[in-house]
Amino acid sequence: MKPPSTLPPPFKPVYAGVQASLIIMVPAQWSPGTVMGKGSIEVFFYPRTVALIGASGKPGAFSHEMLRNLARSFKGRVYAVNPKYKEILGVKSYPSILDIPDEVDLAVVAVKAEGTIEAVREAGEKGVRGVIVVAGGFAETGERGRRLQEELVETAKRYNVRLVGPNCIGVYNAVNGLDTFFLPPEKMKRPPRGYIAVVSQSGAFLTTMMDWLASEGVGIVKAINIGNKADVDEAEIIEYYAGQEYVRTIMMYIEGVAPDRGRPLVEAIRRAREAGKNVVVLKGGKTLSGSRAAKSHTASLAGDYNIFHAAMEEAGAVEAESASDFIDWAKALSYMSHLRGEGNVLVVTNAGGPGVIATDALASRGLRVPPLPDRVRERLASKLPPIVSLSNPIDLTGQARDEDYKLVLEEVEGEDFYDSLLILAPVQPATMTIGVADIIADWVWRNKKPAVVMTIGSDYGLLVKEYLDSRGIPAYTMPDRAAGALYALMESSKPLCPIGGGLPAPPRAEEIIEEARREGRIKLLEHEALAVMEAYGIPVPRYCLATSRDEAGKCASIIGKPMAAKIVSPDIVHKSDVGGVVLGVAGREGAVEAFDRILENIGRNAPNARVVGVLYQEMAPSGLEVFVGERGTLHSVQ
């Protein structure tokens, strides 16, 4: 049994340091061509009427649970479509969506893949503006499924219907109770209403995450699972969320980006950041194994993770490394205002080991834990027991009392040597009470200082954590998780960098990159990369590309010095592994001989490789060898 709480009733969530109730903007009734036009995705969040095509009367069936959730929570009108029933769960059922006498704004199609084309066609004839297709069995299953998905999209386009899915669970909106998920609320809790909006490529991960958020008491306002994203994708959803006043943080779980949607995604995230939103991203399919799993899961080609990471960095998103970071960081960013300054953190603890772990975690993420100024140390030394460690962390030891935390916080009030606080307040010692939560919360909001708290201690620790969360101060049960939340606050406070450094690319560089794009390549060949560097004024050793034995001889005359000869092929990355490199080449005969030898090696070791030619380059003098890498820019993201 939990001990009784002596704390006052929980406060409402705190937004940007100001005590406030949640204000929800609900669109007015709309008609075609007014608030919501035919192509708007707002219909997926604010329909007046929803029809569930394929609703089942069998308890436990997916479409039965979907209807139960819609009938239970949605504030609009709900209709079932199934010729086998006149009524399901008290909801009137019709043989076809065309038989419903009312207008239908949103249709949820819960039939097998083979029946979705006809269902979408009828929805289009009915004048439906948006369709959610739940079934799998499309592009994620292979060529036959891909063709079926293409037909599905073409059918939707023919009737000017927007499509979410297929292979998805749809939409959740805490404002109007729209809930198309097929998981019962007793099995998957819905979070309270809050400031987070979620877009996820995976339905299973979305429901897991929402259940986790609910257990943490972290609120969301909207969530959507886009599945195979045959029409509506994450870029369009983020663009929509960016315009919602009550959204503070956007969470995006993504497995892959379509070849032509990288740049719109980056631009959508940047616009969201410019609108004052935080964007937290978790990428699935970073590794080769994960990429294969993503392809079979949602038909996503995960692509080159380094390019994705660079693109998210340029967009201004905070990229989480794990699912727990994803949740923790979104929580902090939806509760706290941004960090200001240089990332200096004051750590206060009553437990030495967790304080050390927190300090390591902060330092490893680029935050600083500066020493206490002498003036602060002297004031604290005159008021605290000698056993207290007056460094940073300030370690109050296991004998600490609530009053010691209050004293420390009051003594550092108004000081500028720190930008944020990490307060570790385990309430396990007999000298500590849950009243420390009130001391921390009052001080933080009085001083408007970003802060996170770590607390632990079974039932008592849980009371402290829940109370701090209810006051808008993110609390965690482990020191490294608390440190990670401060890192997210710091990252999201960084100003957006100009795309491409703010300077136009030289025309020759643009020409080379555009040519590679037209050929569907995401990497430049070596002679192209050298030409791009030259265009930017970077000196490179002289080089010459030969596509024949005669050209090889001419290259030797042009360079005139000992050369390295290297195969140029879009299919060969490690040239030396297939005999594609010859060093110390000199003179016309040597160049021709190297040309023949390299092509012979390639024919034997990589017979299917496409060969562009052989690159001859002046041998560099001996010295220190340095590798310089560039992780990618918008030029790398289609």
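Residues numbered from 1 in each chain as written. Predicted model: local features only at pLDDT ≥ 70, side-chain atom pairs only at ≥ 80, totals over all residues. Heavy atoms only, no water.

### So, the pattern of salt bridges
Here is step 1 of the chain: For the structure shown, the criterion picks out 51 salt bridges.
Here is step 2 of the chain: The salt bridge involving R162 is made with D231; its shortest N-O contact spans 2.9 Å. Note that R162 is positioned in strand β9 (residues 162-164) and D231 in the loop between β13 (220-225) and α5 (234-242), a separation of 69 residues in sequence.
Here is step 3 of the chain: Among the residues examined, D231 registers a relative accessible area of 26% and is labelled partly exposed.
Here is step 4 of the chain: A salt bridge links D571 to R610, with the nearest nitrogen and oxygen atoms 2.8 Å apart. Taken together, the positions of D571 in the loop between β24 (563-568) and β25 (581-585) and R610 in the loop between α19 (587-605) and β26 (613-618) put the pair 39 residues apart, joining distant regions of the chain. (Salt bridge = Lys/Arg side-chain N within 4 Å of Asp/Glu carboxyl O. Helix = DSSP H or I, 4+ residues; strand = E, 2+ residues; numbered from the N terminus. Buried < 20%, exposed > 50% of the residue type's maximum accessible area, 1.4 Å probe, protein only.)

### Quick notes on the confidence of the model for the protein chain
Here is step 1 of the chain: The predicted model of the protein chain has a mean per-residue pLDDT of 88, with 89% of residues at 70 or higher.
Here is step 2 of the chain: Note on residues 1-38: pLDDT under 50 across the span, and 78 contacts to partners over four residues away in sequence or across chains. (pLDDT = per-residue confidence, 0-100. Contact = heavy atoms within 4.5 Å.)

### Some words on the sheet that holds strand β16 (residues 318-319)
Here is step 1 of the chain: One open sheet holds the 7 strands; their spatial order is β11-β10-β13-β12-β14-β15-β16, and the pairing between them is mixed. In the strand order of this sheet, the two ends are held by β11 (178-179) and β16, each with one partner.
Here is step 2 of the chain: With 5 bridges connecting them, strand β12 (residues 193-200) and strand β14 (residues 249-254) associate as parallel partners. Bridged to V198 within β14 is M251.
Here is step 3 of the chain: Relative to the sheet, helix α4 (residues 203-216) contacts β10 (170-173), β12, β13, β14 and β15 (278-283), its axis offset from that of β13 by approximately 165°. (Pairing = 2+ DSSP bridges. Axes fitted to C-alpha atoms, helices over the stretch in contact; angles between N-to-C directions.)

### Things to note about the environment of A361
Here is step 1 of the chain: Looking at the element boundaries, A361 is found in helix α10 (residues 352-364).
Here is step 2 of the chain: A relative accessible area of 11% means that A361 is categorised as buried.
Here is step 3 of the chain: Ignoring any residue separated from it by four or fewer positions in sequence, one finds A361 in contact with D480 and A483.

### Focus: the sheet that holds strand β22 (residues 475-476)
Here is step 1 of the chain: If you trace the 6 strands from one edge of the open sheet to the other, you get β18-β19-β17-β20-β21-β22, paired in mixed fashion. The sheet is open, and its two borders are formed by β18 (389-390) and β22, each paired with just one other strand.
Here is step 2 of the chain: Alignment of β18 against strand β19 (residues 394-395), held across 2 bridges, turns out to be antiparallel. Each bridged residue has a counterpart across the sheet, and for S389 the counterpart in β19 is D395.

### As for the pairing of β12
Here is step 1 of the chain: Counting buried positions along β12 gives 7 out of 8 residues, so the element sits mostly inside the fold.
Here is step 2 of the chain: Both β12 and β13 contribute to a ladder of 6 bridges, which runs parallel. Paired with V198 across the strands is A223, a residue of β13.
Here is step 3 of the chain: A crossover links β12 with its parallel partner β13, the connecting element being α4, and its sense is right-handed. (Right-handed = clockwise from strand over helix to strand, strands pointing away.)

### A look at the nonpolar core
Here is step 1 of the chain: Counting 144 residues, the largest nonpolar core has F44, M312 and L422 as the members making the most contacts within it.
Here is step 2 of the chain: It is helix α15 (residues 479-492) that provides the largest number of residues to this core, a total of 8 residues.
Here is step 3 of the chain: Ranked by size, the runner-up nonpolar core spans 26 residues in total, among them Y94, I117, V120 and V128. (Core = buried A, V, L, I, M, F, W, Y, C linked by side-chain atoms within 4.5 Å.)

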